[in-house]
Amino acid sequence: MSKPSLILIGAGGHARSCIDVIEQQGQFHIAGLVGLVEQKHATQLGYSVIASDDELPSLVNTYSYALITVGQIKSADQRMRLFQKVRQLGFSLPVIISPTAHVSRHASIDSGTIVMHGAIVNAGAKVGSNCIVNSRALIEHDTIVEDHCHIATGAILNGDVSLGAGSFIGSGSAIKQGVKIGARCLVGMGVTVRHDLSDFAHFMGHDKA
Ligand SMILES: CC(=O)SCCNC(=O)CCNC(=O)[C@H](O)C(C)(C)COP(=O)(O)OP(=O)(O)OC[C@H]1O[C@@H](n2cnc3c(N)ncnc32)[C@H](O)[C@@H]1OP(=O)(O)O
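Residues numbered from 1 in each chain as written. Predicted model: local features only at pLDDT ≥ 70, side-chain atom pairs only at ≥ 80, totals over all residues. Heavy atoms only, no water.

Draft legend 1. Representation of the overall build of the protein chain. Helix and strand counts for the protein chain come out as three helices and 23 strands. Taking 2.2 N^0.38 as the reference for a compact globule, 209 residues should give roughly 17 Å; the C-alpha atoms of the protein chain span a radius of gyration of 17 Å, in line with that estimate. Viewed in the frame of its principal axes, the protein chain has a C-alpha envelope of about 45 × 35 × 30 Å. Residues classed as buried in the protein chain amount to 48% of the 209 residues present. (Helix = DSSP H or I, 4+ residues; strand = E, 2+ residues; numbered from the N terminus. Rg over C-alpha atoms; globule rule 2.2 N^0.38 Å. Buried < 20%, exposed > 50% of the residue type's maximum accessible area, 1.4 Å probe, protein only.)

In structure tokens:
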């Protein structure tokens, strides 16, 4: 039986990492990427940029599945806008889980989220839609990650942490168990977070933003 076709919305570095995960997972055929007008006809790892964002409405007639593959550090706006647009157009957004990741059967992951190589999502954890759980990130038991978050490479969210929508946790950062981080927060890389952070907080391990 042929695999369903998937288009990737975003044609940069994060898209290349996603391609590797999707190829290893083996459940979808990557039909191509959607990028900026100036990226059209370029290739990423052998896959063509087949269209630009403004052509998405015509693609839904041909392809049923889409994944947002734009990266996210300082703002979730672009990934949120694309996710909402793609969903309104009627695409299905699958969950993609690397075969080298471990997602507990007692955890849940919502549509359009990718769990990349070596990541762990432990029992009772809930990860929302359109999130990136990047390579070797660890989301521990009963932690809640709301929609549109990026847990960067090697970051650790210990047990019972909560992370509000649209937040970013930098590479190698560690969040103490039970800490509540608000929506649209940015935690820099290599930072330890021991106390709650309110919405829109930028935290670099000291009070300077
Ligand atoms: C596969 C992948 O690649 S996934 C991506 C993973 N990447 C990351 O996790 C990196 C995330 N980015 C960061 O942590 C960045 O430092 C950001 C986004 C927090 C800030 O970036 P910028 O706005 O460019 O600010 P900049 O790097 O100039 O830093 C501003 C100030 O904050 C300090 N600062 C920035 N990040 C940190 C940090 N993680 N810890 C301590 N201090 C920091 C800087 O030293 C600087 O201080 P100064 O003004 O006294 O010199």
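Draft legend 2. Quick look at the side chain of Thr-143. By secondary structure assignment, the location of Thr-143 is in the loop between β13 (138–139) and β14 (144–145). Of note is the side chain of Thr-143, whose polar atom sits 2.7 Å from the backbone oxygen of Asn-158. Excluding anything up to four places from it in sequence, Thr-143 contacts Gly-124, Ala-125, Lys-126, Leu-157, Asn-158, Gly-159, Asp-160 and Val-161. (Polar contact = N/O pair within 3.5 Å; in protein donor to acceptor, adjacent residues only side chain to side chain. Contact = heavy atoms within 4.5 Å.)

Draft legend 3. Local environment of the pattern of salt bridges. Applying the stated criterion across every chain, the model contains two salt bridges. Between Glu-55 and Lys-40 there is a salt bridge, and its shortest N-O distance comes to 3.1 Å. Residue Glu-55 is found in the loop between β4 (47–52) and α2 (56–59), and its partner Lys-40 is found in the loop between β2 (29–35) and β3 (43–44); the two are separated by 15 residues along the sequence. On the accessibility criterion, Lys-40 (27% relative accessible area) is partly exposed. (Salt bridge = Lys/Arg side-chain N within 4 Å of Asp/Glu carboxyl O.)

Draft legend 4. Spatial organisation of the sheet that holds strand β9 (residues 114–115). The sheet built from seven strands is open, its strands ordered β6-β9-β12-β15-β18-β21-β23 with parallel pairing. The open sheet has two edge strands, β6 (96–97) and β23 (202–203), and neither has a second partner. In the sheet, strand β15 (residues 150–151) pairs with strand β18 (residues 168–169) via two bridges, with the strands oriented parallel. If you follow Ile-151 over to β18, its bridge partner there is Ile-169. (Pairing = 2+ DSSP bridges.)

Draft legend 5. Inspection of the sheet that holds strand β20 (residues 180–181) at higher detail. On the basis of which strands lie adjacent, the open sheet formed by five strands has the order β8-β11-β14-β17-β20 and parallel pairing. Edge strands, defined here as strands with exactly one partner in the open sheet, are β8 (108–109) and β20. With two bridges joining them, strand β11 (residues 126–127) and β14 adopt parallel strand pairing. By the bridge assignment, Lys-126 is partnered in β14 with Ile-144.

Draft legend 6. A look at the pairing of β4. Strand direction decides the pairing type here: β2 and β4, joined by three bridges, are parallel. Opposite Val-34, over in β4, you have Ala-51 as the bridge partner. Pairing between β3 and β4: two bridges, direction antiparallel. Its bridge partner lying in β4, Gln-44 is registered against Tyr-47. Between the antiparallel neighbours β3 and β4 lie two residues, among them Leu-45 with a positive phi of about 50°.

Draft legend 7. Just the nonpolar core, in detail. Counting 30 residues, the largest nonpolar core has Val-145, Ile-151, Ile-169, Ile-181 and Val-193 as its most contacted members. In this structure, Ile-181 is in contact with Ser-162, Leu-163, Gly-164, Ile-169, Ile-175, Val-193 and Leu-197, ignoring residues within four places of it in sequence. Listed in part, the 18 residues of the second largest apolar core include Leu-6, Ala-11, Ile-19 and Ile-30. (Core = buried A, V, L, I, M, F, W, Y, C linked by side-chain atoms within 4.5 Å.)

Draft legend 8. Structural view of the environment of Ile-19. Position of Ile-19 relative to the elements: it lies in helix α1 (residues 13–25). Taking relative accessible area as the criterion, Ile-19 reaches 0% and is therefore assigned buried. When the C-alpha atoms of Ile-19 and Ile-156 are compared, they prove to be 24 Å apart, with 137 residues separating the residues in sequence. Setting aside its immediate chain neighbours within four residues, Ile-19 contacts Leu-8, Ile-30, Leu-33, Gln-44, Leu-45 and Tyr-47.

Draft legend 9. Seen up close, unusual backbone geometry. One non-glycine residue, Leu-45, adopts positive backbone phi at about 50°. Along the polypeptide, Leu-45 turns up in the loop between β3 and β4. Of the residues examined, Leu-45 reaches a relative accessible area of 53% and is grouped as exposed. Positive phi outside glycine occurs at Asn-130, with the angle close to 60°.

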